[in-house]
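Per-entry structural report
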Amino acid sequence: MTSAKRIPHSSTTVENGDCVAIVGAGPAGSFFAIHLLREAKRQGRALDVVLIEKRSPSDPEFSAFQCRGCNYCAGIISPRLNETLVENGLGLPPEVIQQQINYVWIHGQWKNLRLRVPEGQHIYSVYRGSLPGRRGGTPTGFDGFLLGEAIGEGARIVHGKAQSAAYGADGRPVVTVKGVSGEVFDIEASFVAFATGINGHYGLDPGSETLAGSIRGLNPRFVPSKSRRTLIFELEVGEEYLKRNLNNEMYFIEYGSKRLAIEHTALIPKGRFLTVAMIGGCVDRAVLPQDSKRIIQEFLALPQVDSILPGIGSAPLGCVCAPSMTVHGAASPYGDRFAIIGDAVASRLNKDGLYSAYITAEKLAKAVLDQGVDERALKRGYGKAIGRLANDNLYGRAVYAISRTAFTLPLLSRVAYQAFATEYKVHRQGDRPLSRMLWKIASGTADYGEVLGEMLSWGVLRSVLSGAGITLRNVAVELLVGLKWGKFGRYPAVVPVERREALKEEIAWQLGMDLGPAQGFERMYAIKIRGTDTEIMEQLAKYGKSDARFLQLRFVHARQTRGTPNQPGSVIEYRFPLLGLSAELTLARRVRNETLFYAADDGLVDAGRLIFSISPLGDGNRRLAIYAAFDYKKGTNLASRLFWKTGHLLFPEFVHDVVWNHALCTIKDEVEQRHGQPDFGRADESEAQPPLIRL
Ligand SMILES: Cc1cc2nc3c(=O)[nH]c(=O)nc-3n(C[C@H](O)[C@H](O)[C@H](O)COP(=O)(O)OP(=O)(O)OC[C@H]3O[C@@H](n4cnc5c(N)ncnc54)[C@H](O)[C@@H]3O)c2cc1C
């Protein structure tokens with residue numbers, strides 16, 4: 001039937017009534033079909049577009065487009081892809097969306113950074129196919145949705161595996177397909193787009209003698225894209241657990257441990273499942289299924305993972321796979337009347353592969369209709385787009401090398417956190433170059449060239465330099481006053497500048513009093529704690545006690561000296577033995593389990609108050625906030641003015657920041673350690689569903 005040798009066909013464009021075959025009905029294939037059909041219609045050309053997909057429908061009675069299995073992916077729809085989908089009338093239907101993500105966390109060696117999804121942008125998590133099997137009902141996935149849209153535009157679907165492709169007698173490519181019932185048939189087309197991805201055994205695996213081999217027959221210069229092994233697993237943790245621990249949030253963890261070489265892990269909530277996707281040396285080296293099992297066990301036992309997802313080690317596994325991810329694009333991925341799109345040609349490094357599938361599909365559809373289908377026309381119209389993607393990935397490698405170093409080395413990670421926190425503390429939204437740049441990396445929403453440019457800009461450098469200075473200063477304070485971080489989790493306690501007034505008003509409202517305008521010193525800190533208000537109050541009752549893990553300072557002794565802890569009248573005495581000074585804080589008011597209001601005597605400061613405020617959060621957790629304010633004493637004569645000035649210099653504002661930040665982290669740690677562990681045993685184990693995998 002077919003010959004590997006090409007005899008050029010007279011026309012080098014696709015004509016009215018021509019057949020265009022697309023091998024693979026994943027995102028790239030469907031996007032290509034949609035663009036091609038829409039644009040052809042606009043130009044007055046009617047094309048017969050055939051999508052060839054090896055996976056058959058999971059439930060033909062429910063939908064012909066939702067295919068069995070899945071296309072192996074973490075399933076994050078980036079803001080840029082979402083915007084593009086909406087612009088193209090392909091906005092995600094509610095049944096495809098598993099979760100809307102409002103916050104993205106970057107978990108570095110020092111602390112976690114929280115990035116809010118900016119107003120007007122949207123990140124969603126989706127499933128690509130019908131897995132994990134225990135989802136139940138009629139599982140809907142992103143790929144099935146897109147395929148349905150392509151069919152809606154007029155494409156046809158043929159279920160079967162494309163085995164080979166070669167030029168036919170008249171120079172058109174012919175694809176040989178093995179249908180689902182085993183029958184073998186040919187599809188002759190004026191143009192073929194290969195959108196097989198890199199994960200099918202029948203795809204473009206390097207060395208594969210099947211499809212990749214025959215594409216080399218179409219263009220001997222073709223070299224398949226290079227890939228890297230990844231690991232994805234789904235844990236069935238339940239909606240309640242996700243709400244408490246990852247409430248519309250996703251995490252990127254940038255390190256593993258000495259034993260477990262991990263570069264990047266994404267934690268993504270989806271309904272009652274948690275998707276974990278990772279890359280790293282340990283995954284590269286894994287060969288056998290038991291290697292993956294060991295990696296999962298060790299990963300779930302990492303302290304940084306347990307701090308985000310308490311007790312996760314006992315969660316049952318829904319499914320596991322080890323797909324490949326494109327890391328280097330293919331060479332010469334087009335020739336007369338054929339081209340490769342999606343992962344099989346190139347993908348954005350580590351992020352937003354679906355967006356690159358969109359870009360390659362869109363550019364190819366334009367090239368085919370506007371420029372023609374011979375190799376020269378495709379090089380002109382499509383080659384440049386792939387070249388841009390490849391070049392951008394070069395910048396991407398530099399971006400990841402720098403950010404990985406920054407988040408993996410403890411000191412640099414602390415500098416990065418401090419720079420980030422200082423931007424939030426000092427600058428208003430819109431004037432935070434470092435967090436803007438981090439957002440672009442985390443969300444995958446900008447080209448890497450743009451990100452690298454920002455990374456090296458003066459704005460980011462200035463933030464990093466100020467972060468470095470503040471880190472050195474804070475380390476010095478910690479050494480001086482004897483604060484030790486130990487093993488417990490470190491969390492941001494900064495209140496962004498634009499949130500400060502609102503927080504102050506909330507605290508004032510809890511107390512039913514006006515806190516007045518800002519005084520000489522006014523600071524606020526806040527932390528989220530997984531625990532009840534009673535559990536937090538129990539920790540606050542240790543204020544000034546020898547068994548408290550917070551406020552155990554060298555040179556400053558805080559002791560509860562009179563009254564009952566946490567009850568009005570309780571007195572905390574601060575003594576500065578070296579200076580022979582002391583002052584007292586008296587618990588003046590307590591509002592239920594919400595607020596403790598301490599008033600300071602005038603020994604060291606004027607009008608001093610310290611307020612602890614606990615309030616419930618929408619995810620069932622609590623926020624513990626601290627409000628501290630006082631007026632500096634000024635003195636009445638030269639000697640006393642000098643004395644108080646020196647005191648101010650000895651105890652500048654930032655000392656309070658360091659001490660209270662440490663205190664909040666220890667309180668959080670103590671509460672969370674005592675708080676109950678989750679019970680995943682309640683997950684439904686009915687026989688109608690595929691069994692859970694227990695590690
Ligand atoms: C661990 C991991 C996590 C990822 N997470 C994300 C993420 O969160 N967000 C994101 O945007 N991207 C992510 N990606 C990248 C994303 O999955 C890919 O970029 C995307 O799937 C590429 O789409 P595609 O259509 O080119 O290929 P695929 O999705 O692989 O689709 C190929 C299709 O072709 C079919 N096929 C293959 N061979 C044949 C054949 N011979 N005959 C007929 N049909 C065939 C397959 O069945 C499949 O349906 C991730 C990738 C990995 C590995």
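Below is a summary of the structure that appears in this document. All of these numbers come straight from a predicted model, not from anything done at the bench. (Residues numbered from 1 in each chain as written. Predicted model: local features only at pLDDT ≥ 70, side-chain atom pairs only at ≥ 80, totals over all residues. Heavy atoms only, no water.)

So, the pairing of strand E11 (residues 173-179)
For a regular strand, the rule is simple: side chains alternate between the two faces of the sheet. Burial of E11 is extensive: six of the seven residues sit out of reach of the surface. One ladder, built from seven bridges, connects strand E10 (residues 156-167) with E11; its direction is antiparallel. Each bridged residue has a counterpart across the sheet, and for Lys161 the counterpart in E11 is Lys178. Pairing of E11 with strand E12 (residues 184-188), which is carried by five bridges, proceeds in the antiparallel orientation. Pairing of Lys178 across the sheet is with Val184, part of E12. (Buried < 20%, exposed > 50% of the residue type's maximum accessible area, 1.4 Å probe, protein only. Helix = DSSP H or I, 4+ residues; strand = E, 2+ residues; numbered from the N terminus. Pairing = 2+ DSSP bridges.)

Notes on helix H14 (residues 458-481)
Its 24 residues place the ends of H14 34 Å apart at the C-alpha level, agreeing with the 34 Å of an ideal helix rising 1.5 Å per residue. Buried residues along H14 sit against helix H11 (410-426), helix H12 (433-443), helix H13 (448-455) and helix H18 (653-674). (Expected span 1.5 Å × (residues − 1). Contact = heavy atoms within 4.5 Å.)

Topic: the pattern of salt bridges
Where charged atoms of side chains with opposite charge meet at close range, the side chains can pair. Enumeration over the complete set of coordinates arrives at 37 salt bridges. In this structure, Glu263 engages Arg404 in a salt bridge whose closest nitrogen and oxygen atoms are separated by 3.6 Å. Of the two residues, Glu263 is situated in the loop between strand E16 (249-253) and strand E17 (264-270) and Arg404 in helix H10 (residues 375-408); the sequence distance between them amounts to 141 residues. A relative accessible area of 23% places Arg404 in the partly exposed class. (Salt bridge = Lys/Arg side-chain N within 4 Å of Asp/Glu carboxyl O.)

Examining the site of the ligand
Near the ligand there are 33 residues, and of these Glu53, Ile76, Arg128, Asp343 and Leu354 occur at the shortest range. Take Asp343: an N or O atom from its side chain is 2.6 Å from an oxygen atom of the ligand. For the ligand, whose free accessible area comes to 1,000 Å², the fraction covered by protein is 95%. Listed by contribution, the elements that provide at least two residues to the shell around the ligand are helix H1 (27-42), strand E2 (48-53), E10, strand E20 (324-328) and helix H9 (353-370). Looking at the shell around the ligand, the element that brings in the most residues is E10, giving three residues. Residues belonging to the shell around the ligand are distributed by class as follows: 15 nonpolar, eleven polar and seven charged. (Near = heavy atom within 4 Å. Polar contact = N/O pair within 3.5 Å; in protein donor to acceptor, adjacent residues only side chain to side chain. Areas by Shrake-Rupley, 256 points an atom, 1.4 Å probe, with all protein chains shown as cover. Nonpolar A, V, L, I, M, F, W, Y, C, P; charged D, E, K, R; others polar.)

Some points on the sheet that holds strand E29 (residues 622-632)
A sheet is described by the order of its strands in space; here seven strands give the open sequence E23-E29-E28-E27-E26-E25-E24, paired in antiparallel fashion. The open sheet terminates on both sides in strands that have one partner only, identified here as strand E23 (521-529) and strand E24 (557-562). Mean inter-strand twist for the sheet, computed between neighbouring axes without regard to direction, equals 20°. With six bridges connecting them, strand E25 (residues 571-576) and strand E26 (residues 581-591) associate as antiparallel partners. Along E26, the bridge assignment pairs Tyr574 with Ala583. Packing of H18 onto the sheet brings it into contact with E23, E25, strand E28 (605-616) and E29, and relative to E23 it is tilted by some 20°. (Axes fitted to C-alpha atoms, helices over the stretch in contact; angles between N-to-C directions.)

Considering the environment of Arg38
Looking at the element boundaries, Arg38 is found in helix H1. Measuring from C-alpha to C-alpha, the distance between Arg38 and Thr564 comes to 75 Å, with 526 residues separating the pair along the chain. Residue contacts for Arg38: discarding those within four places in its chain leaves Asn88, Leu90 and Glu153. At 2.9 Å, the side chain of Arg38 forms a polar contact with the side chain of Glu153.

Some remarks on a nonpolar patch on the surface
On the surface, a cluster of nonpolar side chains totalling about 520 Å² of accessible area is made up of Leu480, Phe555, Leu578, Leu579 and Leu650. Within the secondary structure, Leu578 is located in the loop between E25 and E26. (Patch = residues over 30% accessible without salt bridge, like charges linked within 9 Å, V, L, I, M, F, W, Y side chains within 5 Å.)

So, a positive patch on the surface
On the surface, Arg376, Arg380, Lys384 and Arg388 cluster together into a positively charged patch. Note on placement: Arg388 falls in helix H10. (Lys, Arg positive; Asp, Glu negative; His and termini not counted. Charge placed at Lys NZ, Arg CZ, Asp CG, Glu CD.)

Examining the side chain of Arg228
Relative to the elements of secondary structure, Arg228 occurs in strand E14 (residues 226-229). Side-chain polar atoms of Arg228 contact the side chain of Glu263, separated by 2.8 Å. Separated by 2.9 Å, the side chains of Arg228 and Asp284 make a polar contact. When neighbours within four sequence positions are excluded, Arg228 is seen to be in contact with Glu263, Ile279, Gly280, Gly281, Asp284, Pro323, Ser324, Met325 and Val327.

Here we look at the packing of H1 against helix H3 (residues 142-152)
Two elements in contact, H1 and H3, have axes separated by 9 Å at closest approach and are oriented at 20°. Of the possible angle classes, the one that applies to H1 and H3 is roughly parallel. The way H1 lies across H3 gives a crossing that is left-handed. Residues Pro27, Ser30, Phe31, Ala33, Ile34 and Leu37 of H1 lie in contact with H3, whose contacting residues are Phe142, Asp143, Leu146, Leu147, Glu149 and Ala150. (Parallel < 35°, antiparallel > 145°, perpendicular 65-115°, else oblique. Left-handed = near helix turned anticlockwise from the far one by under 90°.)

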